[in-house]
Amino acid sequence: MTLPVLYALADPGLEPYIRAIQPETPAAEVNDVLERIRSGDALERSEQMRRQYLRSAMQAVEPLRSHPAYGQLEVLHRYFGGKTA
């Protein structure tokens, strides 16, 4: 399960639709639920959480700036989060 789905499960309007999905659920029904998730705030909330964790991670490794591996940490930061932190 992904963070957007976890956030969407907290929405009483979406929760029953998400929980109703089973392996045999038709693709059209699954796509409808996915569209409902996309139209809510779950994706934006997940993006905010991602940015928050990236900022926290970079603050945590800041004392390692002089370490030879710090450059690789910056590469990982850019890969997972762009240059937004």
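Keep in mind that this is a model prediction, so the values were computed, not measured. Note that residues are indexed from 1 along each chain, following the sequence as it is written. Two thresholds apply to this predicted model, a pLDDT of at least 70 for residue-level local features and 80 or more for giving and counting side-chain atom pairs, whereas whole-chain, interface and lining totals are computed over all residues. To get the side-chain values, all heavy atoms of the structure are used, and hydrogens and water are removed first.

## Some thoughts on the nonpolar core
Here comes step 1: For our purposes a nonpolar core is just a set of buried Ala, Val, Leu, Ile, Met, Phe, Trp, Tyr and Cys residues, chained together by side-chain atoms within 4.5 Å. Burial status follows relative accessibility: with a 1.4 Å probe on protein chains alone, a residue under 20% of its type maximum counts as buried, one over 50% as exposed, and anything between as partly exposed. V5, Y7, A8, L9, L14, I18, V33, I37 and A42 form the largest nonpolar core, which has nine residues in total.
Here comes step 2: By definition, any uninterrupted DSSP run of H or I lasting at least four residues is a helix, any uninterrupted run of E lasting at least two residues is a strand, and each is numbered from the N terminus. The set of elements that each furnish at least two residues to this core consists of α1 (3-9) and α3 (27-39).
Here comes step 3: No other element matches the four residues that α1 contributes to this core.

## A short note on the pattern of salt bridges
Here comes step 1: Definition used for salt bridges: Asp or Glu carboxyl oxygen within 4 Å of a side-chain nitrogen of Lys or Arg. For the structure on display, the rule yields seven salt bridges.
Here comes step 2: Here E47 ties to R51 by a salt bridge, and the two come within 3.2 Å at their closest N and O atoms. Taken together, the positions of E47 and R51, both in helix α4 (residues 42-61) and four residues apart, correspond to about one turn of that helix.
Here comes step 3: You can call R51 partly exposed: its relative accessible area is 26%.
Here comes step 4: The closest approach of N and O atoms between E62 and R65, which form a salt bridge, is 2.8 Å.

## Thoughts on the packing of α4 against helix α5 (residues 70-81)
Angle between the axes and distance between the axes are the two parameters that describe a pair of packed helices.
Here comes step 1: Contact geometry of α4 with α5 gives a least axis separation of 11 Å together with a crossing angle of 175°. Relative to α5, the element α4 lies roughly antiparallel. Between α4, through R50, L54, M58 and V61, and α5, the contact on the second element is made entirely by Y70, L73, E74, H77, F80 and G81. Throughout, an axis means a line fitted to C-alpha atoms (over the contacting stretch in the case of helices), and angles, computed between N-to-C directions, take values from 0 to 180 degrees. The labels follow the angle: roughly parallel below 35 degrees, roughly antiparallel above 145, roughly perpendicular from 65 to 115, and oblique for the rest. For this analysis, residues touch if any pair of their heavy atoms sits within 4.5 Å.

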